[in-house]
Each structure stands twice: as structure tokens, then as C-alpha cells.
Amino acid sequence: MIRLENISFEYQNKPVHQNLNLQIREGQLVLIVGPTGCGKSTLIGIINGLVPHFTGGSLSGSISIDGIYSHNASPQEWSHLVATVSQNPDDTFVAQNVEDEIVFGMETHGFEPSQMWKRLEEVIDLLGLQNLRTRELATLSGGEKQRVAIASALTLEPKVLLLDEPTSALDPIAADEILTVLHRLVQDLGITVLISEHRIERILQHADSVLVLNQDEAPKLLSPSESVFHLQHKPAITQLAELAGISQSPLTVSELRKSIEPLRQMLAGKTPPLRLIQNKDIAPILLAESITLQKEDNEILHDISFDCAQGTITALMGRNGSGKTTLLHTLMGDNVPKSGSIEIADENPAVLVGQELLKVVSIIPQNPSDLFLCDRVADECKLSDKLRHTALGATRSLLALISPHVEDNQHPRDLSEGQRLGLALAIALAANPKMLLLDEPTRGLDSHGKAELVVLLKKCVAAGQTVILATHDVELVAEIANQVIVLSEGSIVANGPTSEILTNSNAFSSITARALAPAGWLSVNDVRTALDRGGS
Amino acid sequence: MAAQTVQYHASTWWLWAVCADFSISIQTNLVLVLLIIAVSIWIANSLIVDAKNWKSFLVMTKIAFFIFTTRVLLQIVLGVPVGDEIILRLPQVNLPDWISGLRIGGIVTLESLSASLNDSLRLSGLIVVIATAVSLTTTSRVIQQLPVAFHELGMVIIIAFTFLPHLFADVQRIRQASRWRGQETGRIRSISNNLVSICESALERSVRLAAALTVRGYGNATSNQNWRRPIYFGLFLLTFEVLRLLVSQASYLDALVLSFSALLIAVGIRKAGKSATRTKFRTESWHTADFSVIVISLIIVVLSTFTQVSMQFITGFVITTFALYIRYAKSTKAQVMVTA
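Here is what the cut-offs are and how they apply
- Residues numbered from 1 in each chain as written.
- Chains lettered and ligands numbered in written order.
- Predicted model: local features only at pLDDT ≥ 70, side-chain atom pairs only at ≥ 80, totals over all residues.
- Heavy atoms only, no water.
- Helix = DSSP H or I, 4+ residues; strand = E, 2+ residues; numbered from the N terminus.
- Buried < 20%, exposed > 50% of the residue type's maximum accessible area, 1.4 Å probe, protein only.
- Contact = heavy atoms within 4.5 Å.
- Areas by Shrake-Rupley, 256 points an atom, 1.4 Å probe, with all protein chains shown as cover.
- Rg over C-alpha atoms; globule rule 2.2 N^0.38 Å.
- Domains from an automatic or database assignment.
- Buried area = accessible area lost by both parts, 1.4 Å probe.
- Salt bridge = Lys/Arg side-chain N within 4 Å of Asp/Glu carboxyl O.
- Polar contact = N/O pair within 3.5 Å; in protein donor to acceptor, adjacent residues only side chain to side chain.
- Pairing = 2+ DSSP bridges.
- Axes fitted to C-alpha atoms, helices over the stretch in contact; angles between N-to-C directions.
- Parallel < 35°, antiparallel > 145°, perpendicular 65-115°, else oblique.
- Left-handed = near helix turned anticlockwise from the far one by under 90°.
- Nonpolar A, V, L, I, M, F, W, Y, C, P; charged D, E, K, R; others polar.
- Patch = residues over 30% accessible without salt bridge, like charges linked within 9 Å, V, L, I, M, F, W, Y side chains within 5 Å.
- Core = buried A, V, L, I, M, F, W, Y, C linked by side-chain atoms within 4.5 Å.
- Expected span 1.5 Å × (residues − 1).
- Arc of directions from axis to C-beta.

Undergrad: What's the story with the overall build of chain B in this structure? I'm lost.
TA: Check the secondary structure of chain B and you find eleven helices and two strands. Ordered by position in the sequence, the α and β elements of chain B form the string α-α-α-β-β-α-α-α-α-α-α-α-α. Of all 340 residues assigned to chain B, the portion counted as buried reaches 39%. Long-range contacts, defined as pairs at least 24 residues apart, comprise 77% of the intrachain contacts of chain B with a sequence gap of at least 6. Accessible area for chain B stands at about 19,200 Å²; split by element, carbon and sulfur atoms hold 70% of it.

And the structure:
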């Protein structure tokens, strides 16, 4: 279906792809994996024509889709063959309600109204949008928006569907929903689907083949069970299989459970590490008491009470729109609650400004770039020192520790996702705040960046700082959190130690927890540490 | 079933608004202007079913009222009096000689008061009529009805409508973030820094939107470009003529220019539409109710050009009947729907 021959692409004299040869058969679901900067998005752009027509750069080689050679065709001419769904559907919507958005592509291609109605009905049935068809796009949840975006991509009956990190912004339940839909599209309609993604645990079982892009090696198209051994960071299932001594890596938890008996026996008699959440002698550093927040007659947060002990990590989980971000902003003192009180280290953050605030609490927003105000990394660090009254160069040396490859003259917005997070963290940590809040820190981060973040957060905690992170990333929570709070529609529905929450819930439960249930192990690292200790 | 209404064509009430505004502008009789305002409010009250739309209508009406009162008050307090009929003497503030042009307080004459009442009433009348049209139709629905020749213009407006809320959210987010950085808000430097951030994120957003539009096939030649110039020229002529008619007497030449520009626009739109490769999903149909509204609107326009008292009496009668008809059409339609 897709055939790339001798593709080379150069951008500003830097080669991105060299002599790429690739053949993808019809009706396959292909997963593209690789670290940040390996050219995943560029590859998707090459196939839909945005590269080089929209982005610039020089492309050589030939591309054919469904037997038609592109001969440098513009993305518009290509649009009936190749459809693209982006990471954030909000950025691509042109209409205000669901139906108008879905028919937009057909309108541009001059379909007759009767034909439009027919196809509209078809895609609405296919993606289960019956109840949403007259709704305004702004009122939909993240998963629903993504489904509308896929529906509008399908109206032109494309042969190829490209998705750039389609689930990275979604909660685990919505992400599973989207993956099931994609799986069905491949099965029922025979569409060829290409997905680029960092969090591959859930997708791997749906994939027919995996394209592994690494900077050093030539790209390879592998079977899913082979591919896991070529990744820089192996998924949790593979790591567990290795620990159990299974040579062939299973792809689903149920497959893993069938063959994991050796590991169970090795772990027999060992107990999962306890994660202390409270030292009853010391007063908690954060105390939130029955916070209720209203916006325009709607109660967004309802009677939220919890506390965090010093030196712990608390994870806020919950579906998209359950109030995680709002709660973080309220803890920063940006929203004034109708009732209730917040105390962080005996201070109310709402009345603090400037460096007083920074010494108590700092936040890394969902999009770290929001924090950047200067044109150069060096200026950004200097400004941070000035605002915090710390020694000149403090932020810069901290940044050198967190992201060593960032250069002084780079523009903060030109940095990679991981480097941007690193800069934001350096700025936040320079003032040595008592508490650090992170909003979806792993969104768009590759597995390498995630591993670095885990190390950094563990260091912060060891130094006595307290962390709260809002995240969808169950594996991250399983790895580091002491306490988990699950929010639903603005209320706390569960609050307790990680081991309790992650083993009791189906959606918010890590792969290790599911594979070794009911033993209560949370992460591969816990298992590995226990095994090592037993061996020595 | 109480919320049933006649489904008017998206353009109908805009046509009424144009006609009513034209009448208000050329009308000399203040009673008729008041009548048109009253009928607009009556129509809005009869036909708006959505509470949100009614709220926005009330807001716009309040703005109109605010403009009316401030204008009249300013005229009383600051305006230079014209005429001899003194009706009120306000205490006057003595200002130094070098600002001799300005006056605070003093006498108020009947002539200047009535002139300012007249002007302010018209101005707020124009706003109320537009408010009616705005709250009776969804903007995106009106834009979708634009002929294919204007499709790109409509597209720009629709995208702007989707874009604006995002922009406001960006502004909010970045202002928040600057507090998080530890900046003191309100300082010039922080404002200018924030402005750059806002522009950057808006630009990034537009680039992503443009890329998405491109891969969805937008931007292929959608209409015949050759017919665009005649259409725009026709529109220019039309606007010019309408403005001219508002300030001076009509002549045969005006009629000629008017019909020529209308012809140019009509032919241009038709030709451009024929050669277009683009289609529309929602095509709305015209009903009898739409035609009656438009015909009556045109009749009111014609009637208001006459200045005789008898004709003005007829105009008032037509406008009142019109208002009653709208209410009646709504209730009968609703009944039909209930029985069916």
C-alpha cells in the first residue's frame, strides 16, 4: 500500500532520513516508535505530503501510495488517499459542531449533499458518535474529540490513516477506546493505519508490525514480539518476561500471566516494598480542607480534603476533565475557592507573590513553554536567578545537571519536549521550593526522558521536597508515587497508598500489578530490586 | 412542545435588519422610529427560544439604552446650545478663557435637546435591530449560506470564531504562568514579555491549523478567481450608492447605478458558483414565512421614503400588523406541530 524508495530528507543541511526504504502492505496497523528527534513526525509528514511542501527542506526518492506515485504531489492532491489525525484535535477543528466538522473534508472535495449525508451516517455509526452529532465541539471530552477527528478523516474513504501520538493527551480509558476503534477500522475496512507513539504498552497488542527508528541503526519493520528487543527502553511486559526467563516476549497481560509462573515462584516469600505515606509524628506539609470551587454556577471542585507528608510523591489521577489541573491551579492559589482552606508549609499560597510564592510552591504547567519569557536559554536562566534572588548562575548550573545538552544560545521554544521540561524544572527548582507541582509531565516525553524524570523526582524527594503530579501515566505512578488520589467530576473518589489504589482499580492499574495480581507488586523496578536482594 | 418555532431561513432576519435600519436612518418621524424599535424587541421576544440568545439580546439592548442616555446627558451637560427656546438653566462651571470652546452646564435649549434625542434614538434603534437579527440566527449558519464565491471570506470568519476562545484561553494561561515565574504582574516589561508569548502561541496554533487544513484538501482552487473582481467592484458601487442615498435625494442616475451593481454582483456570484468544485452540506430552503417577512420589510423601506403624514400613518399600520403576524405565524405553526 505504502512504498517508500530511497527516501532521504534534509532540513537546514541536517539529514533527518537517509536512504529509507519501506513497504507497508494493505490493511496493516503499523506502530512507529523511537526516541524524540528520530524523525517520526517527519516520516508521517513525508507520507501525507506536508514534508516538504509545508515545512520546507529537501526530499529525494519516490513515494507511492496504492500504486500511485506522488511525483511531488501537494498534500491537497493527496488528501483523498491519505488522512491525518493530529495529537491535539482542538488545533485542527474548523467548525463549531460535530456534524459540520465531519463534513468539512467532503465539502472541500465537492461531494453532492446526498452523498455527504450517506457518508456522514456511515462514519457516525462506525465511531459511535450518534449521541454527539449535534453537540458543540467545545463541550466534548478529549477522547470524544479524538473520535470526531478520526471520523472526519475517514469521510473521504482514504486508503491510509496516519495518527501522530493520538492517545498521548488521553486518560487510560479514553486511550483504550481509541485503540479499539483503530483496531476495528483495520479489521473491518482494511485501512492501512500508521501510528506514532511513545507509550507503546497498550498499542503493541493491536499492531501488525512495528517500525523502529533509532538514530544509529537503519529503520526496520519488525513483528511486534521481535521489536521489543530493539527498543532502548523495553516495555514493562518484556522486562517481566525476561525476569521470568521467557525468551519469547508476550504482548498482552493475559499472555504474560499464563507464562509468568516461574517469576511468581521466585517472588514467593518476598513482600512488595512498603511505600510510607505518613509519618504520624510530623505535621503534613500540605493540608487541603474541604475545598469547593465554583465557576459560573458550576461546581468544579467539590469538598476536596487531603494532605501530603513531607518528602512524598502524590499522584492525581482521573479521567480527562475530572478537575486535576484545576486542583493544581487552586493549590497554586490561582483560583479562589468558595469554601475551604489550603495551607502549604503553614502559608496560604493565594496571598503569596514573587519569590515568597516560589520558595513555598512551584508548578510546571502542562505546556512548559508557558513559563518561558526570553529568547535565549541563558537569558531565561538569568531572569530566573534575578526573580528568585539566588546566586547568578544557579539556574544555569542546575539546568546543566538536568539536561546537559542544552546550549546557551538556543531559543527555549526550539528545544525538544524533554529539554523544555528540563529547563522548566531547573527554573522551578532553583528557588528550592518546599513543594513542586507537575501537570502531565510525561506527555510527549520519550521513554528515555521519562526515565530521567523519574531519577530527578526521586532526588527531589530525597532532598525533602514534596511532589504532586497530575498524570494519566499509570506506569509512572506505579514507579514513584507514595499516595494516589483519584478524582472524578471534581470530587475525590479514592485516596490512599499507591499499592492500595493501583491494585484495586481496573483502568488505573499498572502492567506489573495486573500481571502479578493479587501479590501487590507495582513496578518492574520493585520486582527487580526484590529479586536482587534475594540473590545476594 | 412549547418551544416550537417556525424555522426561518438563516438570512431572513438579516434582510429584515438591513431594511429596518435603512428605514430608521431615513425616517424623520420619531414615532415611527420608536415603533420599529418596539417591533424589533417584540419579534425577538416572540421568536427567541434559547435562554442564552435571549440573554445576549438583553445585553445588546442594554448597551443601546446606555448609549442613548449617555449621549443625551452629554449633550445637556457639555453640548453647545443651538436655538432660542430655553427650557432649563443648569449651574455653569466657570472655565478659564483659554478653553473657550468647552462649556460645562449652562442653558439647555429645546432645539439642541430634541436634536440629540433624535440622533441618539436612531443610533440605539440601529443597535437594537441588529441585536434582533444576531440573536435570531446562529452566525455560523448565516456564513454557511454565503454564496460559494464568498466562501473563503466566510471560512476566515468561522475559523476566527473557533480561534478566539483559544486565544482568550492562551492569554489567561500565560498571565497565570507569569505569576508562577514570580513576576510581579502589571509591570511594563512583564506585559511586553507576555505579549510575545501570546503571539508566539497563537502563531504556532495557526501553523498547526493551516497544516491540518492542507492535509484535509483545503486550498485547491475552490472558485473561479476571474469573477471575484466584478463581484467586489459591484459591492463597492452598491455601498457607495446606499451611502449617497442616505444623505441626498435620489435621481434616475442613482437607480441606474444601483441596478447595474446589483446585476454585476448577481452574475458574478452565479458564474463563480458554477465553476466551483466545492459544495455545501447544509442548504436551507426558503418558506412562505421567509417570503412574507422579506416582502413586508421591502414595503416598509419603500413606505418610509415618503414624508406625507398619511403615508407615515400607513407605514405605522403596516409595521404593527407585521409584528402581530409574526406572533400569529409562530403560534399556528406550533399548533400544527403539536397536532402532528
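Undergrad: Can you help me understand the overall build of chain A in this one?
TA: The helix and strand tally for chain A stands at 21 helices and 19 strands. Compactness check: chain A gives a C-alpha radius of gyration of 24 Å against a globular reference of 24 Å for 536 residues, within 12% of the reference. Considered along the principal axes of its C-alpha atoms, chain A spans approximately 70 × 55 × 50 Å. Residues counted as buried form 56% of the 536 residues belonging to chain A. Sequence-distant contacts in chain A: of pairs separated by 6 or more residues, those separated by 24 or more amount to 67%.

Undergrad: What is the right way to read the domain arrangement of chain A from this model?
TA: Interfaces are often sized by the accessible area lost when the parts come together. Residue and element names in this part refer to chain A. Domain annotation for chain A reports domain 1 (2-231), domain 2 (233-269 + 511-536) and domain 3 (286-510). Taken over C-alpha atoms, the centre of domain 1 sits 32 Å from the centre of domain 3. Taken together, the contacts link 16 residues of domain 1 with 14 residues of domain 3. Here domain 1 meets domain 3 over a buried area of about 1,300 Å², counting both sides, of which 52% is carbon and sulfur. The interface formed by domain 1 and domain 3 holds one salt bridge in total. Asp171 is the partner of Arg319 in a salt bridge, and the nearest nitrogen-oxygen pair spans 3.3 Å. Across the domain 1-domain 3 interface, the total number found is four residue pairs in polar contact (both at pLDDT 80 or more).

Undergrad: For this particular structure, what's the right way to read the sheet that holds strand β12 (residues 298-308) of chain A?
TA: Strands belonging to one sheet form pairs held by backbone hydrogen bonds; the direction of such a pair is parallel or antiparallel. Residue and element names in this part refer to chain A. Strands sit in the order β12-β11-β14 across an open sheet of three strands; the sheet is antiparallel. Two strands lie at the open edges of the sheet, namely β12 and β14 (339-344), each paired on one side alone. In this sheet, adjacent strand axes meet at a mean angle of 20° when their direction is disregarded. The sheet contact formed by strand β11 (residues 286-295) and β14 spans five bridges and is antiparallel.

Undergrad: Where do I start with the sheet that holds strand β3 (residues 29-33) of chain A in this structure?
TA: Residue and element names in this part refer to chain A. One open sheet holds the six strands; their spatial order is β6-β7-β8-β3-β9-β10, and the pairing between them is mixed. Of all the strands in the sheet, the pair left with one neighbour each is β6 (82-85) and β10 (220-222). For this sheet the average axis-to-axis angle between neighbouring strands, irrespective of direction, equals 20°. Of the pairings in the sheet, the one linking β6 to strand β7 (residues 160-164) comprises four bridges and is parallel in character. Across the sheet, the residue bridging to Ala83 is Leu161, located in β7. Contacts from helix α1 (residues 40-48) reach β3, β6, β7, β8 (192-196) and β9 (209-212), with the element oriented near 150° to β7. Each of β6 and β7 is contacted by helix α6 (residues 142-154), which is oriented at about 170° to β6, the strand it contacts most.

Undergrad: Help me out: how do you make sense of the packing of helix α3 (residues 51-78) of chain B against helix α4 (residues 110-136) of chain B in this one?
TA: For any two helices packed against each other, one specifies the crossing angle of their axes together with the interaxial distance. Residues and elements named next belong to chain B. The contact between α3 and α4 brings their axes to 9 Å, and the two run at 170°. Between α3 and α4, the crossing angle belongs to the class labelled roughly antiparallel. When you trace α3 past α4, the crossing you get is right-handed. Considered class by class, the residues forming the contact of α3 with α4 number 15 nonpolar, ten polar and two charged.

Undergrad: Hey, could you run me through the interface of chain A and chain B in this one?
TA: With 59 residues of chain A in contact, the opposing surface of chain B contributes 44 residues. Roughly 4,700 Å² of surface becomes buried between chain A and chain B when both sides are summed, with 52% attributable to carbon and sulfur atoms. Looking at the side of chain A facing chain B, the largest losses of area belong to Asp91(A), Leu373(A) and Arg413(A), adding up to 15% of the total buried there. Here Glu380(A) and Arg181(B) are joined by a salt bridge, their closest N and O atoms 2.5 Å apart. The interface formed by chain A and chain B includes 14 residue pairs in polar contact (both at pLDDT 80 or more).

Undergrad: What should I look at first to understand a nonpolar patch on the surface in this one?
TA: Taken together, the side chains of Leu153(B), Val156(B), Ile157(B) and Phe161(B) present a nonpolar region at the surface, about 350 Å² in accessible area. In this structure, Val156(B) sits in helix α6 (residues 151-180).

Undergrad: Explain the pattern of salt bridges to me, please; I cannot follow it from the model alone.
TA: Pairs can form between side chains of opposite charge once their charged atoms are near each other. One pass over the full model with this rule turns up 26 salt bridges over all chains. Among the salt bridges present, the one from Asp408(A) reaches Arg396(A), with a minimum N-O distance of 2.5 Å. Pair noted here: Asp408(A) is in the loop between α15 (394-402) and α16 (417-430) and Arg396(A) is in helix α15, with a separation of twelve residues, a long-range link. In this structure Asp408(A) comes out as partly exposed when scored by relative accessible area, which is 35%. In this structure, Arg413(A) engages Glu204(B) in a salt bridge whose closest nitrogen and oxygen atoms are separated by 3.4 Å. With one member in each of two chains, Arg413(A) in the loop between α15 and α16 and Glu204(B) in helix α7 (residues 188-215) form a pair that bridges those chains. Relative accessible area serves as the criterion here: at 14%, Arg413(A) is assigned to the buried category. Counted as one network, the salt bridges with shared partners bring together Asp91(A), Asp370(A), Asp170(B), Arg173(B), Arg205(B) and Arg208(B).

Undergrad: What is the right way to look at the nonpolar core in this model?
TA: The tendency in soluble globular proteins is for nonpolar side chains to be buried side by side. All names here are of chain A. Counting 72 residues, the largest nonpolar core has Phe306 and Ile468 as its most contacted members. Here this core gets eight residues from one element, more than from any other, and that element is α16. The residues touching Phe306, leaving out its near neighbours within four places in the chain, are Leu286, Leu287, Ala288, Leu327, Leu331, Ile468, Ile485, Ile492 and Asn495. With 52 residues, the next largest nonpolar core counts Ala83, Ala149, Leu154 and Leu182 among its residues.

Undergrad: Even after reading the chapter, I still don't get helix α5 (residues 113-126) of chain A, so can you show me in this structure?
TA: All names here are of chain A. Here α5 is 14 residues long and its end C-alpha atoms lie 20 Å apart, about the 20 Å a rise of 1.5 Å per residue gives. Along α5, the positions that sit buried rather than exposed are Met116, Arg119, Leu120, Val123 and Ile124. Buried residues of α5, seen end-on, are gathered within an arc of 135° and therefore sit on one face of the element. Among the exposed residues of α5, those oriented more than 90 degrees off its buried face are Ser114 and Lys118. Of the surrounding secondary structure, the elements contacted by the buried residues of α5 are α4 (98-108) and α6. Positive phi shows up at Gly128, right after α5, with a value of about 60°.

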